[in-house]
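Observations on the three-dimensional arrangement
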Amino acid sequence: MPQCNSEALRVRVRRATKSHEPVSFSEGTSALSVSTDIKSVSGSFPIWPEYNKDLRYCEEIERKWEKCVVVGDLHFPTMNVRAYQKMVIDNSDADALVLLGDGPDTDRLSYWGAERPSLALREELLGFRDVLAWTLGYIKEIYWIEGNHEHRAKMMWDNVVPDDLKMMVKPPSIADFVIDPNEYLEEIAIEYVPLKGVEYLDEFQVIINNVLFVHPSQVRRVPLSVAVERFLAMWGWGYKIDGLLYNHSHWADGVKVVDGKYQQIRDRSFLLNIKEAKSILTQIEKLLVTQRNILIIENGCMCHLQQYSKENRKMIPRPGVVGYSVLYFDKGKLNIERSRFVNLA
């Protein structure tokens with residue numbers, strides 16, 4: 001039975017989201033209002049996390065999975081609870097769930113968090129713990145990959161703690177608190193049971209069964225052409241991956257190559273400009289030359305529209321595509337033809 005029932009989860013989220021009402025677009029606002037400007041892809045790959053010292057290092061893990069669900073950008077407490085519950089219940093036969101970064105929003109740790117009502121970090125993390133506990137009632141393994149919102153605690157540590165103290169004490173971990181709050185809370189009314197089945201990977205990216213899971217952090221949006229270039233670069237570095245899934249921008253995009261033919265996975269609300277379209281086709285031609293079946297997905301989000309601050313600290317709505325991916329494996333190898341992105345919009 002689930003460790004936290006559906007209605008209890010909804011109540012907890014409603015209580016936590018009093019100051020986080022979903023944002024609606026004003027009339028005339030479209031997906032194109034989000035800038036897609038990026039740095040040149042030559043020499044600098046925005047698809048790769050900026051915090052890594054060695055860009056070429058990536059941990060490789062093998063798991064005996066037949067099916068896994070991939071979701072990211074929940075941004076609890078602004079997460080889309082009903083969509084998330086539907087995803088979990090519809091895929092309760094999955095061997096694992098890969099949480100691809102930005103599980104909790106950690107708004108209190110942001111540089112603009114002081115400018116608006118914000119949920120206390122302790123309550124936010126305990127609420128997100130309820131989400132994971134409920135999920136484990138259906139899917140027994142969760143692999144949680146660090147995103148830029150989980151990384152905020154480490155960034156604060158680097159900014160405020162003297163170097164000599166950093167050598168003696170390790171940086172705080174958002175995930176450690178979520179998995180076992182007892183080590184962090186001095187006065188608690190109840191003793192929490194540590195979550196079993198949750199593994200936290202704090203390197204922003206990991207390869208599981210020849211699929212690269214990554215949470216970029218440098219830019220607002222990573223065009224598909226840049227993702228394809230990153231895929232090809234991984235091959236050049238000796239990683240024989242079959243798939244690349246990434247979260248961060250809240251968009252949905254991707255390409256699937258099967259038996260020499262390609263299919264683009266695109267959300268109907270996102271329009272390409274001509275320059276980017278040509279760039280994508282050029283990169284896809286490079287994929288076809290490899291003569292391999294390949295899957296690349298920009299994995300949407302699982303949250304309501306949010307407000308983010310630009311350089312002028314003006315609050316603007318951030319659009320996104322609510323959805324997730326389902327990956328299938330045959331004897332440990334990715335079945336690209338069956339694997340897909342599920343759009344819940």
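Quick look at the structure, then. (Residues numbered from 1 in each chain as written. Predicted model: local features only at pLDDT ≥ 70, side-chain atom pairs only at ≥ 80, totals over all residues. Heavy atoms only, no water.)

1. Notes on the nonpolar core
Nonpolar side chains in soluble globular proteins generally cluster together in the buried interior. By size, the foremost hydrophobic cluster in this structure holds 42 residues, and its most contacted members are Y84 and W144. Put simply, the parts of the chain that give this core at least two residues each are β2 (67-71), α2 (81-90), β3 (96-100), α3 (121-136), β4 (142-145), α6 (174-179), β5 (198-201) and β14 (323-330). The dominant element in this core, judged by the number of residues it contributes, is α3, at eight residues. When near neighbours in sequence (up to four residues on either side) are disregarded, W144 contacts L99, P104, F128, L132, E150, I174, A175, V178, V198, E199, Y200 and L201. Ranked by size, the runner-up nonpolar core spans 27 residues in total, among them L100, Y143, L201 and I265. (Core = buried A, V, L, I, M, F, W, Y, C linked by side-chain atoms within 4.5 Å. Buried < 20%, exposed > 50% of the residue type's maximum accessible area, 1.4 Å probe, protein only. Helix = DSSP H or I, 4+ residues; strand = E, 2+ residues; numbered from the N terminus. Contact = heavy atoms within 4.5 Å.)

2. Details of unusual backbone geometry
Here F76 and P77 are connected by a cis peptide whose omega angle stands at 15 degrees. Positioned with a positive phi, N209 is a non-glycine residue whose angle comes to about 50 degrees. Counting through the fold element by element, N209 comes out in the loop between β6 (205-208) and β7 (211-214). One non-glycine residue, H250, lies in the positive phi region at around 75 degrees. Relative to the helices and strands, H250 resides in the loop between β8 (243-246) and β9 (252-258).

3. Quick look at helix α7 (residues 224-236)
Compared with the 18 Å implied by 1.5 Å per residue over 13 residues, the 19 Å span of α7 between its first and last C-alpha is a close match. Here α7 lies mainly inside the structure; 10 of its 13 residues are buried. Among the residues making up α7, those that are buried are L224, S225, V226, A227, V228, E229, R230, F231, A233 and M234. Positive phi appears at G238, one or two residues downstream of α7, with a value of about 95 degrees. (Expected span 1.5 Å × (residues − 1).)

4. Some thoughts on the pairing of β4
Neither face of β4 is open: one carries I142 and W144, the other Y143 and I145, and all of them are buried. Summarising the sheet, β3 and β4 pair through four bridges and their orientation is parallel. Paired with L99 across the bridge in β4 is W144. As paired elements, β4 and β5 share four bridges and run parallel to each other. Note that in β5 the partner of I145 across the bridge is L201. (Pairing = 2+ DSSP bridges.)

5. Some thoughts on the pattern of salt bridges
Counted under the stated rule, the structure contains six salt bridges. The partner of K67 in a salt bridge is D93, and the shortest N-O contact between them spans 2.8 Å. Separated by 26 residues along the polypeptide, K67 in strand β2 and D93 in the loop between α2 and β3 bring together distant segments of the chain. Taking the relative accessible area as the measure of exposure, K67 reaches 8% and is therefore buried. The shortest N-O distance in the salt bridge between D242 and K333 comes to 3.3 Å. Of the two residues, D242 is situated in the loop between α7 and β8 and K333 in strand β15 (residues 333-343); the sequence distance between them amounts to 91 residues. (Salt bridge = Lys/Arg side-chain N within 4 Å of Asp/Glu carboxyl O.)

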